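Each chain, written out:
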Amino acid sequence: MSLYDAYLAEIETRKTEGLHPKPIDDGALVAELITLIKDTGNPQRADALKFFIYNTLPGTTSAAGVKAAFLKEIIEGEAEVAEITPTFAFELLSHMKGGPSVRVLLDLALGDDAATAGQAAEVLKTQVFLYEADTDRLQAAYKAGNPVAKDILESYARAEFFTKLPEVDAEVKVVTYIAAEGDISTDLLSPGNQAHSRSDRELHGKCMISEAAQKEIEALKLQHPDKRVMLIAEKGTMGVGSSRMSGVNNVALWTGKQASPYVPFVNYAPVVAGTNGISPIFLTTVGVTGGIGLDLKNWVKKVDEDGKPILNNDGNPILEQKYSVETGTVLTIDTKAKKLKDENGEELADVSSAFTPQKVEFMKAGSSYAIVFGKKLQTLAAETLGIEAPQVFAPNKEISHEGQGLTAVEKIFNRNAVGSTPGKTLHAGSDVRVKVNIVGSQDTTGLMTSQELEAMAATVISPTVDGAYQSGCHTASVWDKKAQANIPRLMSFMNNFGLITARDPKDGYHAMTDVIHKVLNDITVDDWDIIIGGDSHTRMSKGVAFGADSGTVALALATGEATMPIPESVKVTFTGQMADHMDFRDVVHATQLQMLQQHGDNVFQGRIIEVHIGTLLADQAFTFTDWTAEMKAKASICISNDETLIGSLELAKSRIQVMIDKGMDNEAGTLAGLIAKADRRIAEITSGEKPALTPDANAKYVAEVVVDLDQINEPMIADPDVNNADVSKRYTHDTIRPVSYYGGDKKVDLGFVGSCMVHKGDMKIVAQMLKNLEKDTGKVEFKAPLVVAAPTYNIIDELKAEGDWEILQKYSGFEFDDMFPKAQARTEYENVLYLERPGCNLCMGNQEKAAKGDTVLATSTRLFQGRVVEDSAEKKGESLLASTPVVVLSAILGRTPTAEEYRKSVEGIDLTKFAPPLAVPGTTRSAHF
């Protein structure tokens, strides 16, 4: 069977699923299409022509390379296709974004045919995705006196690729659609259990919200053909939990604009909104697609005569509606006045935060990284011509307060700033281009990242990136046909691009499924680093890390840079003493609780949490920084003591060395380079040349939170509160309750110890509890299943060496075997211990699941509806979050323990301890080093 026949067969299969032909990325298939197109009498020619023009993916796909070469033949007269004139061929090249299409355009522009060169030059002037190989050719031709090259460079210096684009509409008319009430997780827009289909945009689009919602959105579009549908989180925040580029892609697919008539299912410019705005990392993703994200503030707190909030019986503020946005409401966004207005023109809300000069540029260009590449191209052209680039783009906002010190994040951004005013100190609110040191790509968004890299014509990692890693953790649980098809292809692409990959395409080392955040935490070897990762839990305990969408990750890999405002910071410090029977995870939960008690609102949202937690090593401190994603913070920074930081760096070195010993380093010696970098940082700290990162004493914070450890006297549980009468209070991470709230009788159907929230010490706690119970009772019996998934293979190896893995194996009813990985997801469990493969497991929700309607007690971070457990017809599924000892004990009891049962169960166990930095010498190291 020819490739084309196989493609036709696939089309018939997709028809049965209500899908159109899949976009083509295979050059060999495009070559067959060209053969059919040249055969003017072939009955399949018309379809082949249609697929060639409208269904071939652009960028650096092999399909784009073959297509661009054929279009060049048409332009040069070597091939003749009646339906594709040379003029139309140039138009098609203009929509192919870069890579082979730019090479073809340069060939033509710098060729001997003056008329053709002029046409090619006009198309090139609209392109921005040029790389060194392309600009080198232009510069060489310019220096050789080529007038066309000079003309193109002059256009780039004037940034005509941007200035000649249409301006953003002065008014954007929208019709509202309430996607849900309360916080909307990106799981609603792009469910984790459908991650396998994310790179097939049309197929993945079918999983957004529900089929009924999709029909309602389509009906609104028919009723309001002149308006755009605005997706709303009523009484909540839109896009919590993750950046989820696939979520924005889905919203754009159903409500946005088509980016190009020649590229199917790639839409842009979605409009999203929330009563409490948009989650910071999700808002970044909206910007990637040139979309609009609004903070509606349509529900406000009801206040008394003194201006104080009126509380309900649960102690929560009563909300009253300022204006209605119920489904079908027609509104106008005035982009010039930056106001949201009703149908009659009455002002409802100020939305100026959605229309900063930079965001308007993203909207005009159709994406944020078109602006990033455009700025670089303008600068290069101006330098080549020896002129000063005219001020075309909005100047970066540079805020500097004389006499004011720097927070930790301000210090990091100033250290890594690119292109800012030399010598100028920048404070929060400044727009900054920064060097990115470490980049992480994970496996359920990785295929999208590879597509983004192809679309922006990138072929190799930026040499300024210190290290980058492609994980296999989100699909670790089940090696099914979907994983077998997607993961090797992803690993091969990323390995060739220059990343360290979890799986060796050549099978030179054992395939790893380590949790990406844990690996990034180990390979971050400088507290001044900036890290970008394709997951919301990219929150390192060294440096500052930002979870990002697949496009931003691709941009960081290709350019080694990111652009964002310097965020504001909230300072978190601790007083008191941690009780012996408490685990550090309880401190993490208590921080959220005490912050709300002290400030009323979530002051963490959209900001940096600067946590002064310097006596915990990176492994344990990560438990706090990781949780900050659920606190709705933009990122977090751990302020560490010198000696503790040295200990963390030594641990990182040892784990990087293990990766090297396994054969994971590349020809560039990336991993060896990270060890050398760690050694340099240790030398700086030891010599006193550059101590561990600390803020200035006169730094300014938006707020400060002081956590009183003395108040934490029993385990804390984050409860999704699934039956709260106020739907906006469900599935948030703000309901933190002591274990005694449950009276020792809340049934637990499944326990889960795993995900990125646990460290080696947590695995040891499980083993120690089993040993103690075995000693007391002779054996351990589980009244509920206990799923245990270590974050990394390194941790398992260390547990084996220290004798802890043996007791876990003894009580396991299942132990993973990498030689025979599971081919099917597990949704039913017996009352035994399951030792699952390192990876995300239940926390990801794309493979393993609890039974519908279960009450799950987990160490993970995910309590969103449907993530770990779905609802049944009779009962809502619940994912409650707690410390490792609480989860283990609950699985043994089949219910939540009483405070006394818990206290007794942890006697003599090395829980993760913490003492405020000022209360102990700087040389103190935490347990489980």
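Model, not experiment: these values are computed from the prediction. Throughout, a residue's number is its position along its own chain's written sequence, starting from 1. In keeping with the model being predicted, local features are shown solely for residues with a pLDDT of at least 70 and side-chain atom pairs are shown and tallied solely at 80 or more, while totals for entire chains, interfaces and linings include all residues. Computation of side-chain values covers all heavy atoms of the structure but excludes hydrogens and water.

Enquirer: Give a detailed account of the state of the cysteines, specifying residues and quantitative values.
Expert: What makes a disulfide is a covalent bond joining the sulfur atoms belonging to two cysteines. By convention in this document, the label disulfide applies to cysteine sulfur atom pairs within 2.5 Å. Applying the stated criterion across every chain yields a total of zero disulfides. Between Cys840, a free cysteine, and Cys473, which holds the nearest cysteine sulfur, the sulfur-to-sulfur gap is 3.8 Å. Buried, partly exposed and exposed residues are distinguished by accessible area as a fraction of the type maximum, computed with a 1.4 Å probe on protein chains only: under 20%, between the cut-offs, and over 50%, respectively. The exposure class of Cys840 is buried, given its relative accessible area of 8%. Cys843 takes part in no disulfide bond, and the closest cysteine sulfur to it belongs to Cys756, at a distance of 5.8 Å. Residue classification places Cys843 among the buried positions, given a relative accessible area of 7%.

Enquirer: Which residues make up the pairing of strand E24 (residues 635-639), and what values go with them?
Expert: The secondary structure listing takes helices from DSSP runs of H or I that are at least 4 residues long and strands from runs of E that are at least 2 residues long, numbered from the N terminus. Buried residues dominate E24, accounting for five of its five residues. By the alternation rule, side chains of E24 split into Ala635, Ile637 and Ile639 and Ser636 and Cys638, which are all buried. Here strand E23 (residues 608-612) pairs with E24 via five bridges, running parallel. Bridge pairing links Val611 to Cys638 in E24. In this region the chain leaves E23, passes through helix H24 (residues 618-627) and returns to the parallel neighbour E24; the handedness of that crossover is right-handed. Criterion used throughout: strands pair if DSSP finds at least two bridges between them. Throughout, right-handed denotes a crossover for which the path from the first strand over the helix to the second runs clockwise when the strands point away from the viewer.

Enquirer: Could you give an account of the pattern of salt bridges, with specific residues and numbers?
Expert: The term salt bridge refers to a side-chain nitrogen of Lys or Arg lying within 4 Å of a carboxyl oxygen of Asp or Glu. Here the structure, examined in full by the defined rule, presents 59 salt bridges. A salt bridge links Lys677 to Asp466, with the shortest nitrogen-to-oxygen separation between them at 2.6 Å. Of the two residues, Lys677 sits in helix H26 (residues 670-687) while Asp466 sits in the loop between helix H19 (446-455) and strand E17 (467-470), which places them 211 residues apart along the sequence. Judged by relative accessible area, which is 28%, Asp466 ranks as partly exposed.

Enquirer: Outline unusual backbone geometry, listing residues and values.
Expert: Not every positive phi belongs to a glycine, and Ala269 is a case in point at roughly 60°. When its relative accessible area of 4% is taken as the criterion, Ala269 is described as buried. Of note, the phi angle at Asn841 is positive, near 55°, even though the residue is not glycine.

Enquirer: Before we move on, could you go through the sheet that holds strand E3 (residues 228-234) and cite the residues and values that matter?
Expert: Overall, mixed pairing links the seven strands, which are arranged E8-E7-E3-E1-E11-E12-E13 in an open sheet. Sheet topology places strand E8 (292-295) and strand E13 (347-350) at the edges, where each strand pairs with a single neighbour. Pairs of neighbouring strands in the sheet enclose a mean axial angle of 30°, with direction left out of account. Two strands pair when backbone bridges link them, and E3 and strand E7 (residues 271-274) are joined in this way by four bridges, in the parallel orientation. The residue of E7 that forms the bridge with Leu231 is Val272. Fitting a line to C-alpha atoms yields each axis, with helices limited to the stretch in contact; the angle taken between N-to-C directions then spans 0 to 180 degrees.

Enquirer: Outline helix H22 (residues 550-559), supporting the account with residue identities and numerical values.
Expert: Judged by how many residues are buried, H22 sits mostly within the fold: 10 of 10 residues are covered. Listed in full, the buried residues belonging to H22 are Ser550, Gly551, Thr552, Val553, Ala554, Leu555, Ala556, Leu557, Ala558 and Thr559. We call two N or O atoms a polar contact when they sit within 3.5 Å, provided that within protein one can donate a hydrogen and the other can accept it, with sequence-adjacent residues counted only if both atoms are side-chain atoms. Two to three positions downstream of the cap, the backbone nitrogen of Gly551 sits 2.8 Å from a side-chain oxygen, assigning the N-cap of H22 to Asp549. Phi turns positive one or two residues past the end of H22, at Gly560, with a value near 75°.

Enquirer: I'd like to hear about the packing of helix H5 (residues 86-94) against helix H7 (residues 114-124), residue by residue, with values.
Expert: Between H5 and H7, the shortest axis-to-axis distance is 10 Å and the interhelical angle comes to 30°. As far as their axial angle goes, H7 and H5 are roughly parallel. The interaxial crossing formed by H5 with H7 has right-handed handedness. Within the contact between the two elements, H5 uses Thr87, Phe90 and Ser94 and H7 uses Thr116, Gln119, Ala120 and Val123. Relative orientations are named as follows: roughly parallel for angles under 35 degrees, roughly antiparallel for angles over 145 degrees, roughly perpendicular for angles from 65 to 115 degrees, and oblique for any other angle. Crossing handedness is defined as follows: a turn of the near helix away from the far one that is anticlockwise and smaller than a right angle gives a left-handed crossing, while the clockwise case is right-handed. Contacts are assigned to residue pairs with any non-hydrogen atoms lying within 4.5 Å of each other.

Enquirer: Residue-level account of empty space enclosed by the protein, with values.
Expert: Grid spacing is 1 Å over the protein atoms alone, the probe is 1.4 Å, and a cavity is where that probe fits but cannot get out, while a pocket is an open set with protein on both sides within 12 Å along at least five of seven lines and lining residues have an atom within 4 Å of a point. Grid points are joined across faces, edges and corners, and a volume is the space filled by probe spheres set on the points. Applying the stated rule across the entire model yields 10 cavities of 30 Å³ or more. Here the largest cavity defines a volume of roughly 190 Å³. For the lining of the largest cavity, a count of residues per class yields seven nonpolar, 12 polar and six charged. The classification used treats Ala, Val, Leu, Ile, Met, Phe, Trp, Tyr, Cys and Pro as nonpolar, Asp, Glu, Lys and Arg as charged, and all other residues, Gly among them, as polar.

Enquirer: Describe a negative patch on the surface, naming the residues involved and giving the relevant values.
Expert: Together, Glu76, Glu78, Asp112 and Asp113 line one region of the surface with negative charge. Here Glu76 falls in the partly exposed class, since its relative accessible area comes to 41%. Patch rule: a residue counts if its relative accessible area is over 30% and it has no salt bridge; like charges are joined within 9 Å, and nonpolar side chains (Val, Leu, Ile, Met, Phe, Trp, Tyr) within 5 Å. Here the accessible surface of atoms and residues is derived via Shrake-Rupley with a 1.4 Å probe, and residues count as covered only by protein chains that are part of the display. His is not counted here, nor are the chain ends, while Lys and Arg score as positive and Asp and Glu score as negative. Here the site of a charge means NZ on Lys, CZ on Arg, CG on Asp, or CD on Glu.

Enquirer: I'd love a proper account of the environment of Glu326, names of residues and values included.
Expert: Relative to the helices and strands, Glu326 is located in the loop between strand E10 (319-321) and strand E11 (330-334). Judged by relative accessible area, which is 53%, Glu326 ranks as exposed. Sequence separation of Glu326 and Lys301 is 25 residues, and the distance between their C-alpha atoms is 19 Å. Setting aside its immediate chain neighbours within four residues, Glu326 contacts Thr176 and Ile178.

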